[in-house]
Amino acid sequence: MNATLLIELLTEELPPKALPRLAASFAQTITEELKKLQFIAADAEAVAYASPRRLAVQLPQVLAMQPEQRVTRQGPAVAAGMKDGQPTPALAGFARSCGVEVSELAVVSNGKQDVYAYSSTKAGEALSALLSDVVALALKKLPAPKLMRWGNLDVQFVRPVHGLVMLHGDAVVDGEVLGLKSGRVTRGHRFLSQGEVSIADADGYARAMHEEGKVIASFAARRELIGHKLAEAAAKLGATIAAPDALFDEVTGLVEWPVVMEAGFEAEFLQVPQECLILTMQQNQKYFPLLDQNGKLMNRFLLVSNIAPQDPSFVIGGNERVLRARLSDAKFFFEQDQKVRLDSRLPRLANVVYHNKIGSQLERVERLQSIAGAIAHELGADAALAARAAYLAKADLVSDMVGEFPELQGIMGMYYARHDGEHAEVAAAIEGHYHPRFAGDTLPEGKIATAVALADKLETIIGIWGIGLIPTGDKDPFALRRAALGVVRMALEADLDLKRLLDIVANAFPTGKLSAGVADEVFGFMMDRLKNFLAADCKADEIDAVLALSPSRLSEVRAVLAAVAQFKALPEAAALAAANKRVKNILKKAEGDIAAVNPALFAEDAERALFDAVETLMPAVDAKFAAHDFAAALAQLSSLKAPVDAFFDGVMVMAEDAAVRANRIALLARLAALFNRVADISLLAE
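The present account deals with the structure reproduced in this document. All values reported here derive from a predicted model rather than from experimental measurement.

Moving on, we get to the sheet that holds strand 17 (residues 288-291). With respect to topology, four strands assemble into an open sheet ordered 15-17-18-16, the strand pairing being antiparallel. What marks the edges here is a single partner per strand, and that holds for strand 15 (240-241) and strand 16 (259-264). For strand 17 and strand 18 (residues 297-305), the ladder comprises three bridges, and the chain directions are antiparallel. The partner of F288 across the bridge, within strand 18, is L302. Running over the sheet, helix 5 (residues 219-236) touches strand 15, strand 16, strand 17 and strand 18 and is turned about 150° from strand 18.

Structural data, given as structure tokens:
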């Protein structure tokens, strides 16, 4: 019999942030295992359900009984199965265990050798005999590292478990998981339902939970409903919601029957920077702040309740009282912090350890000052302003507000710098130097902020790398990959020499603190990050061709990539790329130093013609390269196809005469220099 299968685990409140992952894993493992056991078709898809107190999965067209199973057992190798024409004890024993004579065994290959084997048909097992083990395996595979015990049971799970439903159609599938026997009874909403809900059949699960249990069992449906109700409430106020997707997900994981309510707080709290208020509402209370049409925070907010009282004023009032206490703390911290100048906090950074091998945060600030000033000079910006911004950039780490809300570092420093009368660019750079904080984040605005941001990220990378804490595999505790990607993104926009910057940063550390060659190693690390970043928009061979020359000015990379793409479209490109690859292979085998080309040693017209073509073209290509007209520089290489083809058709590079051979290798080296002026086009060869 085919019927829908339902499995539900009733628990205490599950971790809301992890709920989508738990539900997806639970459904995936059960589906995969039932496919392996042939209870469902290979293309069967599960429906996952997840609410704060339950994980469930629903699968259609599940068999009550497995199909017959063809089972093959493999025994001893054929080479060792017989001795003097008689079965060895191992072979005879294998045949007995299969219940047959040796003559009835087949010979099959196991991929390495021929072995004796016996195939038999095994009757399929009932779903009830195997389902408990499938569910137990799915629970074991859940991405929940922290488990707990409860009561006197010798079982562990992420939260205490109170019920197990396993239905095949309208019949209970007998079984036991985590010490619980299966049934058809679950529980609905703690307050809105009558308590127990009996599921009549697997297909009616979602409907029964909604109508009788007052639970929207589907995570996706609940999230969509929350988003719709919040948008509707915000629109009535002419406001927009200030909340990341993660907050919508987390709130969805906290409620079973979402009810949106509007609440507010005293306007006096709007004197506190809105970032503080927004963070308090989002992070501590899971509220949805509202912004007016100018992007300013309103003293109204939305909350999602898990109950639907006839009079919501009590729920609203309670939430307002809790928020008022939180905002009062934020207001107090903000007012207290402003009583002390930002620069007066710097001495306290001496007590904050940055890393025990490279000193305190104060020592780091001193490095950042010199590095930021040097980078600003490279950018043509005010080095003094950049140094001042770097000096103050970490001062808010010892403020009361950042102590309470670490996520506000930089933001509070900006506000306090403005309050102290610091230059506007200095204040902006204190906040901007943390950008980009994640993939897709905005870059710092202005040269001063860019200088400090580069100083901050490069100092981290060089310092941490230089003391041997290099990222390995998926381990990157100091987020060096993220910092490097931020540097790459800024360097693509700014006209800077990356190798020079790395040397500046490395030299800012005391002699002997860092490993030798750290700047070169980090440059290679940066090139890897750049390659990964460009891969989303460019072809791999084009990226390889450009990065093979280790470009130090990343601001030119995109233009060079565009030029390489144009070059590839030329009819001569494939032949020239192949020729350059051939030239590179010859030069790799060349022994000793390569001298200058001597035209007097030319013995063939083809080598003289190639030399004349190269010498004629070199100044023109150099001029286009100097003018950053990379496309034109590469396009001019097309004129080399004929003399290059003629050279390889009519000239033996490895001539017997050593002087002639060396001169031809020198000519090829000169050709390679011209070929690779913009990019290593040999890497474009197929």
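Moving on from the model shown.
What follows covers the packing of helix 10 (residues 383-392) against helix 14 (residues 447-466). Axes are the key here: two packed helices are described by the angle between their axes and the distance separating the axes. Here helix 10 crosses helix 14 at 50°, and the two axes come no closer than 9 Å. Between helix 10 and helix 14, the angle falls in the class oblique. Remark: the crossing between helix 10 and helix 14 carries right-handed chirality. Residue-level contacts link L385, A386, A389 and A390 of helix 10 to I448, A451 and V452 of helix 14. Looking at the contact of helix 10 with helix 14, its residues break down into seven nonpolar, no polar and no charged.

Of all the residues in helix 12 (residues 411-419), the buried ones are I411, M412, G413, M414, Y416 and A417. With its phi angle positive at about 85°, G421 sits one or two positions after the end of helix 12.

By the definition in use, this model includes nine aromatic pairs. With centroids separated by 4.9 Å and ring planes inclined at 50°, the aromatic side chains of W465 and F525 adopt a geometry described as tilted. Residue W465 is located in helix 14, and its partner F525 is located in helix 17 (residues 518-534); the two are separated by 60 residues in the primary sequence. Assigned by exposure class, W465 and F525 land together as buried. Here the guanidinium or amino end of R418 rests over the ring plane of Y415, the centre of that ring lying 5.7 Å away. The aromatic ring of F625 is capped on one face by R677, whose charged end is 4.0 Å from the ring centroid.

Bringing the pattern of salt bridges into the picture now. Inspection of every chain in the model, using the stated rule, returns 35 salt bridges. E13 is the salt-bridge partner of R190, the closest N and O atoms lying 3.0 Å from each other. On the criterion of sequence distance, the pair formed by R190 in the loop between strand 13 (185-187) and strand 14 (196-198) and E13 in the loop between strand 1 (2-11) and helix 1 (19-36) is long-range, its members being 177 residues apart. Its relative accessible area of 43% is what places R190 among the partly exposed residues. On the basis of relative accessibility, which here comes to 35%, the residue E13 falls in the partly exposed class. Close ionic contact of D249 with R223 constitutes a salt bridge, the shortest N to O distance being 2.5 Å. Residue D249 is found in helix 6 (residues 245-252), and its partner R223 is found in helix 5; the two are separated by 26 residues along the sequence. Overall, the relative accessible area of 25% leaves R223 in the partly exposed class. A network of salt bridges, in which partner residues are shared, links R364, R367, K394, D456 and E459.

Before going further, it helps to examine the sheet that holds strand 1. With respect to topology, five strands assemble into an open sheet ordered 2-3-1-9-10, the strand pairing being antiparallel. The strands lining the two open edges of the sheet, one partner per strand, are strand 2 (47-51) and strand 10 (171-172). Looking at chain direction, strand 2 and strand 3 (residues 54-63) are connected through five bridges and run antiparallel. Looking at strand 3, one finds that V47 is bridged to Q58.

What follows concerns the pairing of strand 17. Of the two faces of strand 17, both are covered, the one formed by F288 and L290 as well as the one formed by P289 and L291. With two bridges joining them, strand 15 and strand 17 adopt antiparallel strand pairing. Bridging across to strand 17, I241 finds its partner in L290. Between strand 17 and strand 18, which follow one another and run antiparallel, lie five residues, and G295 among them has a positive phi close to 80°.

The rules we used
- Residues numbered from 1 in each chain as written.
- Predicted model: local features only at pLDDT ≥ 70, side-chain atom pairs only at ≥ 80, totals over all residues.
- Heavy atoms only, no water.
- Pairing = 2+ DSSP bridges.
- Helix = DSSP H or I, 4+ residues; strand = E, 2+ residues; numbered from the N terminus.
- Contact = heavy atoms within 4.5 Å.
- Axes fitted to C-alpha atoms, helices over the stretch in contact; angles between N-to-C directions.
- Parallel < 35°, antiparallel > 145°, perpendicular 65-115°, else oblique.
- Left-handed = near helix turned anticlockwise from the far one by under 90°.
- Nonpolar A, V, L, I, M, F, W, Y, C, P; charged D, E, K, R; others polar.
- Buried < 20%, exposed > 50% of the residue type's maximum accessible area, 1.4 Å probe, protein only.
- Phe/Tyr/Trp six-rings, centres within 6.5 Å; stacked < 30°, edge-to-face > 60°.
- Lys NZ or Arg CZ within 6 Å of the ring centre and 35° of its normal.
- Salt bridge = Lys/Arg side-chain N within 4 Å of Asp/Glu carboxyl O.

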